[in-house]
Amino acid sequence: FDQVSIDHGALREHIHDLLVDRSQVTLHEVVTRRPLTQGLAELIAYLQIASRDIDSAVDASVVETIEWTAEDDDAPTGRRAQLPRVIYLKDDAHG
């Protein structure tokens, strides 16, 4: 397996950019605007950010599908994950 380095700061900045003129944004919206380029590792990083870096909420009543393309054996392969809706919330102190 290749080791992947994820730039958490860049991911946080992207979320904050989307929160400039709105009070919340979902993970699905974030990765639609900026598709995952590092696959599952990047998706996990977004979840880590939701759990410890940015105010967030989870709506377990809605399941969203996050899709990305992985390079498996030099051939692009579609991947997907289904998870409860993750919502990043604007921090009024920094908004």
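Because the structure is predicted, anything quoted here is derived from the model rather than measured.

A. Region of the structure containing the sheet that holds strand β3 (residues 75–89). Taken in spatial order, the three strands line up as β1-β3-β2 in an open sheet, and their pairing is antiparallel. Strand pairing shows two members of the sheet lacking a second neighbour, β1 (24–26) and β2 (56–72), which therefore form its edges. When strand polarity is set aside, the average angle formed by the axes of neighbouring strands in this sheet is 25°. Taken together, the three bridges between β1 and β3 define a ladder with antiparallel strand orientation. Looking at β3, one finds that threonine 26 is bridged to isoleucine 87.

B. Looking closely at the environment of aspartate 7. The topology assignment puts aspartate 7 in the segment before α1 (8–18). Taking the C-alpha atoms as reference, aspartate 7 lies 20 Å from valine 25; in sequence the two are 18 residues apart.

Reading guide: rules and limits
Residues numbered from 1 in each chain as written. Predicted model: local features only at pLDDT ≥ 70, side-chain atom pairs only at ≥ 80, totals over all residues. Heavy atoms only, no water. Pairing = 2+ DSSP bridges. Helix = DSSP H or I, 4+ residues; strand = E, 2+ residues; numbered from the N terminus. Axes fitted to C-alpha atoms, helices over the stretch in contact; angles between N-to-C directions.

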